[in-house]
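Structural features, examined
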There are 2 protein chains.
Amino acid sequence: MALAPGSTIGILGGGQLGRMLAMAAARLGFQTHIYCEQNTAPAFDVATRQTVAGFGDVAAIEKFAQDIDVATFEFENIPASAIDVIARHTNIYPSKYSLEVTQDRLYEKRSLSSMEVGTADYLPVDSLDDLHKGIDTIGCPAILKTRRFGYDGKGQIRIESDTRLEKALGAIGKAPAILEKLVAFSCEISLIAVRNLTGQVAFYDPVENTHAEQILKTSVVPANIPNRMATQAQAIVEKIVEKMDYVGVIAVEFFHLGQGSDARLLVNEIAPRVHNSGHWSIDACITDQFENHIRAIAGWPLGSANRHSNVVMTNLIGHDADNWRHHAGLGDTTLHLYGKSEVKPGRKMGHITKLLPKNANL
Amino acid sequence: MALAPGSTIGILGGGQLGRMLAMAAARLGFQTHIYCEQNTAPAFDVATRQTVAGFGDVAAIEKFAQDIDVATFEFENIPASAIDVIARHTNIYPSKYSLEVTQDRLYEKRSLSSMEVGTADYLPVDSLDDLHKGIDTIGCPAILKTRRFGYDGKGQIRIESDTRLEKALGAIGKAPAILEKLVAFSCEISLIAVRNLTGQVAFYDPVENTHAEQILKTSVVPANIPNRMATQAQAIVEKIVEKMDYVGVIAVEFFHLGQGSDARLLVNEIAPRVHNSGHWSIDACITDQFENHIRAIAGWPLGSANRHSNVVMTNLIGHDADNWRHHAGLGDTTLHLYGKSEVKPGRKMGHITKLLPKNANL
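A short tour of the structure in this document, coming up. (Residues numbered from 1 in each chain as written. Chains lettered and ligands numbered in written order. Predicted model: local features only at pLDDT ≥ 70, side-chain atom pairs only at ≥ 80, totals over all residues. Heavy atoms only, no water.)

Counting residues at the interface gives 37 residues for chain B, matched by 37 residues for chain A. A buried area of about 3,000 Å², summed over both sides, lies between chain B and chain A, and 59% of it is on carbon and sulfur atoms. Looking at the side of chain B facing chain A, the largest losses of area belong to Asp45(B), Ile286(B) and Trp324(B), adding up to 19% of the total buried there. The interface formed by chain B and chain A includes 0 salt bridges. Our count for the contact surface shared by chain B and chain A stands at 13 residue pairs in polar contact (both at pLDDT 80 or more). The set of elements that each furnish at least two residues to the side of chain B that touches chain A consists of helix H1 (16-27), helix H11 (324-328) and strand E16 (333-337) of chain B. If you tally residues by element for the side of chain B that touches chain A, the top one is E16(B), at 5 residues. The residue inventory of the side of chain B that touches chain A, partitioned by class, reads 18 nonpolar, 12 polar and 7 charged. (Contact = heavy atoms within 4.5 Å. Buried area = accessible area lost by both parts, 1.4 Å probe. Salt bridge = Lys/Arg side-chain N within 4 Å of Asp/Glu carboxyl O. Polar contact = N/O pair within 3.5 Å; in protein donor to acceptor, adjacent residues only side chain to side chain. Helix = DSSP H or I, 4+ residues; strand = E, 2+ residues; numbered from the N terminus. Nonpolar A, V, L, I, M, F, W, Y, C, P; charged D, E, K, R; others polar.)

Now the structure itself:
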């Protein structure tokens, strides 16, 4: 059942996540085929084969599906129709079900509620009327988010008591939405886990994340949370992947609330893929998130997610990356650049990872 | 002077070393162009651009040289004529001088002697008469080696007191040769170092190597040698790279002789490139030998060669690699496969690296 080395891993999406997946696949002796809408995708540089075509191009997707031995994706906004075409020819992991649940914030929250996993209070919003009622129920401040296609703070708006609700709804394009209660968290953490085709699960250590302008800025491991909260986060993620019969890497973002015996965790969101907050695993773990994703979907045993060092990962966003000379010279720090030719504000251009001994203070 | 990300690194040779160099270059945001005589080269899978052509094809080499921003090589048996063509268009590191010295065992030994670096006793052999005289001077057992094109024990033969010398000379094709005294070493070690364009030098920890049928089988770090011998090895390598004004990764193989206060080191040979006995650095160091080679030739500051774990690297040779299922499931062990479709006896197909905490016994 395990794919032999020399088999081809098909990856939908050619950004930096696809690039790092392709390199991990190559390390294991796999060939790769990247399918991407843009013709200058970062992943193309390190892939065996490339297809430039849209996700609506059925003929191109069929040809791609016939060339590969298993498919996966680097981002969750893949149209279900493309998944269906691929599934006629080969396996795709994570499953269409996993993708559908996590593509839609409402579906995701309802799934979590049905598993008795805690989230912020939420209500669906399909109209101005829903929004008024939602604010009456949930209170302010709250966040209005589109159900689909949001990332890095896109497609969401904060609602205060003096916010004009009609304007807020307009700001997110009047798309089907979800209203979430704003949570007063003490910190944001994420937990990256991986489950393979035979149900083996491995967990990376919880990560403490900070954001700047709603884009991930730093990830620190170990997170400054009590051990019992780390254990609790792991138990929640294990429940999620088992209930979903999930295959591949999953990233679960949590809000950590309260302190001491009052501390608790709410799930913020789930990403059905390798995740920016797991990039430190490349440098600090025996097997990184990218390789473990490839192992999982190829039917291989998982590699060790053990961490040998403490880390501070910092994203290089937009013009941060212009300073590569400086970053390249930092002590005990790795530099990863994604090969993007054009710098745009808010664009993830690379990251640096500072490594420290495990007994070091962060 | 430092090459900006997005520049292209040209690599002569498309084997596993070229493959790992290309992935390291990609991590830093460089594009790569692999030049290789075979059309199924392992490095092609992870390179931005590829040229399939011979090293005697001047037009192809010129085109390649015009497409890249700096050139390097993954093996030392590149014809000097190809280097000359490239040098007319762009920089190539290590230098032609470094390559010439290390391409020829006699030239290499004489260079080391002129630096007052100890080697086994040696004499040039260009005729049967030279060989007779050589054996009279050096004694048996000895090793007769071709001056050029030898690797993994190819092009060499052991000479005992009852060996027919004419037959021995025939066995190495009557090529220009060197006779070396066989050294009764206690262990073989290697030291990988890197020197960049501004003269910054970094050293990896010494490696203890074992061979099977003259092919590297295992590399263990730390090597079981006294600290003062490690310091001595480092001083010898520093002298070599400074005297040669060397740029890039260099691997120096040593014989470690005697014990206690009688211990001493002789240089066995030098490889002007990334080296099999440095593969463990991928998993156990902050910056591996491949990335540091790219940094060195690109005019970048070197990355940290600090080691965070103890390691045992084992080569997967020939049909060893058929057992990938087993290797993939070993605890705290990484698996690297080189994407070679055809298994041949003695062919390096991949390697595994077992990681242990730094205080662990090996």
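Position of Val58(B) relative to the elements: it lies in helix H2 (residues 58-67). Residues Val58(B) and Ala296(B), spaced 238 residues apart in sequence, show a C-alpha to C-alpha distance of 27 Å.

The next subject is the pattern of salt bridges. For the coordinates displayed, the defined rule picks out 38 salt bridges over all chains. Close ionic contact of Asp288(A) with Arg27(A) constitutes a salt bridge, the shortest N to O distance being 3.1 Å. On the criterion of sequence distance, the pair formed by Asp288(A) in the loop between helix H9 (281-284) and helix H10 (289-297) and Arg27(A) in helix H1 (residues 16-27) is long-range, its members being 261 residues apart. Salt-bridge contacts for Glu76(B) lead to Arg273(B); the nearest nitrogen and oxygen are separated by 2.6 Å. Separated by 197 residues along the polypeptide, Glu76(B) in the loop between strand E4 (70-73) and helix H3 (80-87) and Arg273(B) in the loop between strand E14 (264-271) and helix H9 (281-284) bring together distant segments of the chain.

In this section: the relation of the copies chain B and chain A. Superposition record for chain B on chain A: RMSD 0.0 Å, screw rotation 180°, translation along axis 0.0 Å. Put plainly, the chains are arranged around a two-fold axis. By C-alpha distance to the rotation axis, the residue of chain B lying nearest is Val46(B), at 2.0 Å. Both copies present the same face, since 100% of the interface residues in chain B are matched by interface residues at the equivalent positions in chain A. (Least-squares fit on C-alpha atoms with pLDDT ≥ 70 in both.)

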